[in-house]
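Structure at a glance
Read off the chains here:
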Amino acid sequence: MIRGLRFRLLGVVALVSAVAVVTVVLVSRQGVRTEFGRFETTTRAFALEDAAEALRTWVRAGGAPEDAGRLLRRFDRPGHRALLLADTLGNVLAFSSPEMQGSRVTIGPGGRIEILRERLHGNAGSMRRALVIGAPHTEIGGEAGVPRVFLYVVPVFGPDEGPEAPFVRGVNRWMIVAVVAAGLLALTVMWLLSRSIVGPVEALTAAARRMEKGDWGARVPVRSRDEIGDLSHAFNSMAESLSRTETLRRQLVSDVAHELRTPLTNLRAQLEAIEDGIVAADAAALRSLHEETLLLARLVGDLQDLSLAEAGRLRLDRVPCSPREALEAAAAAFRVQAEARRVSLRLDVADAPPVLVDRARLAQILRNLVANAVTHTPDDGAVTLAARADGAFVRFEVRDTGEGIAPEHLPHVFDRFYRADASRARATGGAGLGLAIVRHLVEAHGGEVSAASVEGRGTTVAFTLPRNPA
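Along every chain, residues carry numbers that run from 1 in the direction the sequence is written. In keeping with the model being predicted, local features are shown solely for residues with a pLDDT of at least 70 and side-chain atom pairs are shown and tallied solely at 80 or more, while totals for entire chains, interfaces and linings include all residues. Excluded from the side-chain calculation are hydrogens and water; included are all heavy atoms of the structure.

Running from N to C, helix H7 (residues 323–333) and helix H9 (residues 359–375) point in directions that differ by 50 degrees, and their axes come no closer than 9 Å. Relative to H9, H7 is oriented oblique. Every pair of crossing elements has a handedness; the one defined by H7 and H9 is right-handed. Along its contact with H7, which presents Glu325, Ala326, Leu327 and Ala330, the element H9 presents Arg359, Leu362, Leu366 and Val370. Axis definition: a line fitted to C-alpha atoms, over the contacting stretch in the case of helices. Angles run 0 to 180 degrees between N-to-C directions. A run of DSSP states H or I qualifies as a helix once it reaches four residues; a run of E qualifies as a strand once it reaches two. Both are numbered from the N-terminal end. Just so you know how the angles are binned, under 35 degrees is roughly parallel, over 145 roughly antiparallel, 65 to 115 roughly perpendicular, and the rest oblique. Crossing chirality is assigned from the near helix's rotation relative to the far helix, an anticlockwise turn below a right angle marking it left-handed and a clockwise turn marking it right-handed. Contact between two residues is taken to exist if any of their heavy atoms lie within 4.5 Å; hydrogens are not considered.

Right under this line is the structure:
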C-alpha cells in the first residue's frame, strides 16, 4: 500500500502515463491494421475481372488494345488504384486514370512494375518513384489472331506525393484519434484519481472557512495515513485546541466575573449600609471591609501570577534551598490553623538534597498545597509533608487524610477555576486558582506535578524540582 503523498502522486503520474501510452499503442495498432486492410481491400475490390472481360470482348470484336483507354476509364473508380494495360514487351498501352498519363512505366517479370513521375516543383531529373511487386494482373487474348496483353492494378499518385501517401494519411488520422483518445482518457483517470488528493484538501479548506466564521466544531475526516492524513489529524488537533482555548477563555471571563462579584457585592452592601446609617462604622465593620479588600487583592494577585506563568514571563530567582527548611516553614505557617482543627502536621524528610529554586515561589507552592490539605482534612486528621531524592530531582509530597477527590474530578484539579464543589462555597476553598498556579510554578522550574486520591482516605499531591547541581 502506497502511503506517502509523494509516492501516490508518482503512482498517479505513472498510471496516467501508462494509460496514455497503452491507449496510443492500441488505437494506432488498430488504425494501421484498418488502413492496411483498406489498402488491400481497395486493390482486391478493384473490378479487375470485370474490366478484363470487357477488354476480351473488345479485342475479339476487332478493337485495338491501343484504343482501350476509353474502355478502361469506364472502370476507373475514385481512389488510389488504376488499371494499366501493357503488351508482352512491357509497353504501356493504356491507363484508366488520366492523371497517370505521361508516367514512365517499366514492367518486369512476375508483375514487377516501376512507375516514375516527374515532380512538378523538383529539380531537373527529380522523379517520384513507386515500385510495385506482385501487382494483381490478368492475361487477355493470346488466341489465334488475338494479341496477347496484360491488365494490371497499379497505384495512383500525384507528382508531389508517393503512392504511400493515402496510407500515411490514414495512419496519421488514426494517430490523431489515438492521441486525442489517450488525452481524454488520461484526463479522466487523472480527475478520478486526483479526487483522493484534492478532496481532503477541499474539506480542509471548507473546515478552515467554517472556523474563520466562528464554528469551532469544524472537523475533517481522516481517511488516509499519508501526509494529507497527517495534515487532517493536525488540523483536527488544532481545531480541538482552539475550541478548548475559546471555551476556557469564555469560562475565564465568567469565572473572574463570578469571583469578583461576591467580594465587590459585599463591599458595596456594607458601604451602603454604613452610608444609610444601618450599620455603624465601627471596628468590626472596618475589619470586614478590610477582609473583603484582602480577598480581592489576593484574587488579583493570583490572576497576575497565573497570567505571567502561562505567558512564560514569570521571573525566577533560583538559589539553592533545603527541602527540610522549606517544609518546616510551610508547616509553621499553618500550625495554628491546623491545631484549631486538631489536624496534625508531620514532616517526612529522608536526606533530601538541596534544590535549585526560587525560594518565594517554592514557599507559594507549599502554601497552596498545605492550605488545601488542611482545609479538606477533617478534625483529628493528619497532613504529611515529605521530600526525598528522585534521580536528578527531589520529589515533594503533601499527603492528607481528608475526604479525597472523586475520579471524575481528579484529571481537572490543576485546571484554573476548577472546583469539585459545584456550589463554590468559600468554606470549601478559594477561587480555584491555587493548584493551577502550583502547576505553572512547578513547570516553570522544569518539574512535574501530579495528584492521586482515594475517596474517603485522602489525597496526595506530588511535584518534582531539580536538584542543585553543585
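From this point, the narrative continues.
We now examine the packing of H9 against helix H10 (residues 434–444). In contact at an axis separation of 9 Å, H9 and H10 are set at 145 degrees when each is read in the N-to-C sense. Relative to H10, H9 is oriented so that their crossing is left-handed. Taking contact as the criterion, the partners of Arg361, Gln364, Ile365, Asn368, Leu369 and Asn372 in H9 are, on H10, Gly434, Leu435, Ile437, Val438, Leu441 and Val442.

Strands qualify as paired when DSSP identifies two bridges or more between them. Pairing within the open sheet is mixed, and its 5 strands lie in the order S9-S11-S12-S14-S13. A single partner strand is all that each edge strand has here, and the edge strands are strand S9 (344–350) and strand S13 (449–454). Across the sheet, the mean angle from the axis of one strand to that of its neighbour is 15 degrees, orientation sign disregarded. Pairing of S13 with strand S14 (residues 458–466), which is carried by 6 bridges, proceeds in the antiparallel orientation.

What follows covers the pairing of strand S6 (residues 137–140). The alternating pattern of S6 places Thr138 and Ile140 on a buried face and His137 and Glu139 on a face that is not buried. Of the pairings in the sheet, the one linking S6 to strand S7 (residues 149–155) comprises 4 bridges and is antiparallel in character. What sits directly across from His137, in S7, is Tyr152. The rule is simple: take the accessible area with a 1.4 Å probe, protein chains only, and divide by the maximum for that residue type; under 20% is buried, over 50% is exposed, in between is partly exposed.

Before going further, it helps to spend a moment on H7. Residues that lie three or four places apart on an α-helix share one face, since the helix turns once every 3.6 residues. Residues Pro323, Ala326, Leu327, Ala330 and Ala331 constitute the buried set of H7. An end-on view of H7 places all buried positions within 130 degrees of arc, on one side of the element. Note: the arc covers the axis-to-C-beta directions of the helix.

A separate point is the pairing of S14. With respect to burial, S14 is a largely interior element, 8 of its 9 residues being buried. Pairing between strand S12 (residues 393–400) and S14: 7 bridges, direction antiparallel. Opposite Arg395, over in S14, you have Thr464 as the bridge partner.

Quick look at the packing of aromatic side chains now. Aromatic ring pairs are described here by two measures, namely the spacing of the ring centres and the angle between the planes. Working definition: rings of Phe, Tyr and Trp (its six-membered ring) pair if their centres are within 6.5 Å, and the pair is stacked with planes under 30 degrees apart, edge-to-face with planes over 60 apart, and tilted otherwise. Taken as a whole and assessed by the stated rule, the structure comprises 2 aromatic pairs. Each ring, one from Phe150 and one from Tyr152, has its centre 6.4 Å from the other, and the planes form 40 degrees; the classification is tilted. With centroids separated by 5.0 Å and ring planes inclined at 5 degrees, the aromatic side chains of Phe396 and Phe463 adopt a geometry described as stacked. Of the two residues, Phe396 sits in strand S12 while Phe463 sits in strand S14, which places them 67 residues apart along the sequence. Each member of the pair, Phe396 as well as Phe463, is classed as buried.

With that settled, the discussion passes to unusual backbone geometry. Even without being a glycine, Arg342 presents a positive backbone phi close to 55 degrees. On the accessibility criterion, Arg342 (49% relative accessible area) is partly exposed. Despite not being glycine, Asp380 shows a phi value in the positive range, around 65 degrees. With respect to the secondary-structure elements, Asp380 resides in the loop between H9 and strand S11 (382–390).

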